Amino acid sequence: MRALDWAADEAALHNLPLRIVHASVWERFEGTTPAEDLPEARAEAAALEEVITDAEARARERRPEVRVHAEVLPGEPIDVLVHAGEDAFALVVGHRGHHALVRRQSTGSVGPGIAERAWCPTVVVGDFAAGRPSGQIVLGVGEGTDADSAHVAFALHEAQARSDDLVAVHSLSRQETRHDPPGLGSSAADALLSAAVPARTALERGVVVHRHVVDGPAHHALLQAAQHADLLVLGVRHRHGMIHRELRLTHHAALRHAPCPVALVGVPWPN
């Protein structure tokens, strides 16, 4: 329900409608209707209706100004949500819970699976301790990031809508795997951060930007910065013509350990 609450607040923040989806692989919704007099069939149908009805009522009560539509769709959760989110501002999912909007067998399966395939930002809301807004959005800036990068635009848009500061973080030691390039020098890293979030752009948006160059692995630096964040925004690279995007150690660490929601936004592979 944390994910539902976050999604309702986000919809209100951006004046968007909220679509609540529950994915079901049960026979009734797959097109093969079992005998209605079977107790287990009636119980399953009632449970599905209760989940989606309760979710819709919760969202409407929390944000009466938001237009809410709730539905049960047949299919596996990742397939259903990727399709449902084709034209969405964002897909929002939770980590765990027996009454979660999307069923899943493992904590880490749906969020990363959607992030690898979705063409819109994926926001994963974990079981972090609820608290007051901190007034900061944290943005991960890696090699190849520039002012046109989708995750930079998403982070700026969120910071502007929330009147939050934007904290852009780059790690000098990004060798998360042996395939990663070596880190940039300090002066080059400063230049990278300035190019990724230009002062003029921030001024036009009315967003205060803090640029931090940190020595150490990227996932450590970002998790530390996210300790006091409302949202952590990371880019997920994809190659031209490929369906799946590449989740690295930084992404998995953020999804597992970040104390705030994590937004994963697709960005092209640098030339």
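Residues numbered from 1 in each chain as written. Predicted model: local features only at pLDDT ≥ 70, side-chain atom pairs only at ≥ 80, totals over all residues. Heavy atoms only, no water.

### Topic: unusual backbone geometry
As a reminder, the rule being used: Each helix is a run of H or I in the DSSP string that is no shorter than four residues. Each strand is a run of E no shorter than two, and both are numbered from the N terminus.
In the Ramachandran plot, N15 falls in the positive-phi region, its phi being about 55° despite a non-glycine side chain. Within the secondary structure layout, N15 lies in the loop between α1 (2–14) and β1 (18–24). Phi is positive for S163, close to 60°, though the residue is something other than glycine. Note on placement: S163 falls in the loop between α6 (150–162) and β6 (165–171).

### Considerations on helix α10 (residues 249–257)
Here is the rule: Note on classification: 1.4 Å probe, protein chains only; a residue is buried when its accessible area is under 20% of the maximum for its type, exposed when over 50%, partly exposed between these limits. Note on contacts: a residue pair is in contact if any heavy atoms of the two residues lie within 4.5 Å.
What α10 keeps buried is the set T250, H251, A253, A254 and L255. Where α10 is buried, its residues touch α5 (110–117), β4 (122–125), α9 (218–225), β8 (231–238) and β9 (262–268).

### Describing the sheet that holds strand β3 (residues 91–94)
For clarity, the cut-off: Only strands joined by at least two bridges in the DSSP assignment are considered to pair. Orientation is described by axes fitted as lines to C-alpha atoms, over the contacting stretch for helices, and by angles from 0 to 180 degrees between their N-to-C directions.
What the seven strands build is an open sheet, ordered β3-β4-β9-β8-β5-β6-β7; its pairing is mixed. The open sheet has two edge strands, β3 and β7 (209–214), and neither has a second partner. The mean inter-strand angle of the sheet, taken between neighbouring strand axes irrespective of direction, is 25°. In terms of strand pairing, β6 meets β7 through six bridges, oriented parallel. Its bridge partner being in β7, V169 is matched across the sheet by H212.

### Brief notes about the pattern of salt bridges
Keep this limit in mind: The salt bridge definition used is simple: a Lys or Arg side-chain nitrogen within 4 Å of an Asp or Glu carboxyl oxygen.
Scanning all chains against the criterion turns up 11 salt bridges. Put simply, R63 and E65 hold a salt bridge, and the shortest N to O gap is 3.4 Å. We classify E65 as exposed; its relative accessible area is 51%. Note that R200 and E204 form a salt bridge whose closest N and O atoms lie 3.3 Å from each other. Here R200 and its partner E204 are both found in helix α8 (residues 199–205), four residues apart, which amounts to about one turn of the helix. Each member of the salt-bridge network shares a partner with another, and the members are D5, D9, R58, R62, R63 and E65.

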